[in-house]
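# Secondary and tertiary structure notes
So the chains spell out like this:
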Amino acid sequence: MMQQRNRKRRKVFSGVCKTEEDEGPSTEEDSQSFHGVGVCKWFNVRMGFGFLSMTNREGLPLDEPVDVFVHQSKLHMEGFRSLKEGEAVEFTFKKSSKGLESQRVTGPDGIHCVGSERRPKGKKVQKRRSKGDKCYNCGGLDHHAKECKLPPQPKKCHFCQSIDHMVANCPIKAQQSSPGSQGKPSPLKGDEEEEHSHSAPPPETSD
């Protein structure tokens with residue numbers, strides 16, 4: 001009985017060894033890098049990744065294009081890294097548990113990638129906000145109030161810049177905001193007063 005159990009254990013151990021031998025070449029193949037040629041299938045400039053469509057592998061044309069994952073960190077170019085849809089690329093790639101992943105992506109003959117003309121929308125919003133920043137103490141555009149080197153300045157009216165009053169009590173703003181006046185006397189009021197003075201006869205001549 002003991003001999004039969006030992007034989008079974010040996011068979012189990014030998015089976016494990018065989019599976020490890022079978023898995024060995026696949027892990028080595030995963031660590032290998034291959035060369036491919038193709039085009040950019042699509043690329044998300046905001047997320048910074050996309051897929052390449054490989055049409056040639058190790059110098060041999062493929063019957064059908066194969067998708068290869070690409071991340072912006074693998075692109076050979078300067079500045080904002082991205083790819084344009086349909087852009088011709090050369091790349092090295094490897095096999096992983098998730099599929100084929102690119103390791104280094106260049107343009108034809110190793111030149112820099114062209115990249116997409118699109119940019120994330122979030123960066124434009126940040127630029128617009130930076131233009132509106134200013135110091136509330138002196139009005140400077142190159143710093144904020146906490147960085148201002150001048151002593152605390154007197155508060156001014158935001159409309160006419162006068163230090164005598166605040167914007168809520170600004171007389172100039174009140175004149176311009178009143179309908180029909182715009183800071184000038186209305187001509188209709190003068191005409192109405194003249195009409196009333198001429199049309200009203202003196203009480204002595206009424207008899």
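Each chain has its residues counted from 1, running along the sequence as written. Residues qualify for local features only when their pLDDT is at least 70, as the model is predicted, and side-chain atom pairs are given and counted only at 80 or more; totals for whole chains, interfaces and linings, by contrast, use all residues. Here the side-chain values reflect all heavy atoms present in the structure, with hydrogen atoms and water set aside.

## A short note on the UniProt feature "domain: CCHC-type" (unreviewed entry) in the protein chain
Formally: UniProt positions are given in the numbering used here, feature names are shortened, and annotations may be inferred rather than shown by experiment. Secondary structure follows DSSP: runs of H or I at least 4 residues long count as helices, runs of E at least 2 residues long count as strands, and numbering of each begins at the N terminus.
Feature annotation in UniProt assigns "domain: CCHC-type" (unreviewed entry) to the following positions: residues 134-149. As annotated, residues 134-149 has a helix share of 0% and a strand share of 0%, and its two end C-alpha atoms lie 14 Å apart.

## Describing the nonpolar core
Rule in force here: We define the nonpolar core as a collection of buried residues of types Ala, Val, Leu, Ile, Met, Phe, Trp, Tyr and Cys that are connected through side-chain atoms lying within 4.5 Å of one another. The buried label applies to any residue whose accessible area, calculated with a 1.4 Å probe on protein chains only, is under 20% of its type's maximum; exposed applies above 50%, and partly exposed to all values in between. Only heavy atoms enter the contact rule, under which two residues are in contact if any of them lie within 4.5 Å.
The biggest cluster of nonpolar side chains holds 17 residues, and the ones touching the most others in it are Leu52, Leu83, Phe91 and Val105. Breaking this core down by element, the ones donating at least two residues are strand 1 (33-44), strand 2 (49-57), strand 3 (60-71), strand 4 (88-96) and strand 5 (99-106). The residues contacting Phe91, other than those within four sequence positions of it, are Phe34, His35, Gly36, Val37, Gly38, Leu52, Met54, Val68, Arg104 and Val105.

## A look at the packing of aromatic side chains
Threshold: Only centres within 6.5 Å qualify two rings of Phe, Tyr or Trp (six-membered ring in Trp) as a pair; their planes then separate them into stacked at under 30 degrees, edge-to-face at over 60, and tilted for everything else. Charges are assigned to positions over rings by a cutoff of 6 Å between ring centre and Lys NZ or Arg CZ, combined with an angular limit of 35 degrees from the ring normal.
This structure, assessed with the given rule, holds six aromatic pairs. Both rings, one in Phe34 and one in Phe93, keep their centres 5.7 Å apart while their planes meet at 35°; by these two values the pair is tilted. Of the two residues, Phe34 is situated in strand 1 and Phe93 in strand 4; the sequence distance between them amounts to 59 residues. Assessed through its relative accessible area of 0%, Phe93 is described here as buried. Each member of the aromatic cluster is reached from another via a ring pair, and the members are Trp42, Phe49, Phe51 and Phe69. One Lys or Arg, Arg57, reaches over the ring of Phe34 and ends 4.6 Å from the middle of that ring.

## Points about the pairing of strand 4
Worth spelling out the cut-off: Note on pairing: two strands pair once DSSP finds at least 2 bridges between them.
Two strands pair when backbone bridges link them, and strand 1 and strand 4 are joined in this way by seven bridges, in the antiparallel orientation. Note on strand 4: the bridge partner recorded for Val37 is Glu90. Pairing analysis gives seven bridges linking strand 4 to strand 5, with the strands arranged antiparallel. Among the inter-strand pairings, Phe93 is bridged to a residue of strand 5, identified as Ser102. Where strand 4 folds back on strand 5, the antiparallel hairpin that results is connected by two residues.

## Some words on the pattern of salt bridges
Using the following cut-off: A pair is scored as a salt bridge if a Lys or Arg side-chain nitrogen falls within 4 Å of a carboxyl oxygen belonging to Asp or Glu.
Tallied over the full model, the rule gives one salt bridge. Across the pair Asp67 and Lys41 runs a salt bridge, and its minimum N-O distance is 3.0 Å. In this pair, Asp67 sits in strand 3 while Lys41 sits in strand 1, placing the two residues 26 residues apart along the sequence. We classify Lys41 as partly exposed; its relative accessible area is 39%.

## Brief notes about the side chain of Ser82
Tracing the sequence through the fold places Ser82 in the loop between strand 3 and strand 4. For Ser82, the residues in contact, after removing those within four places along its chain, are Phe43, Val45, Leu75, Met77, Gly115, Ser116 and Arg119.

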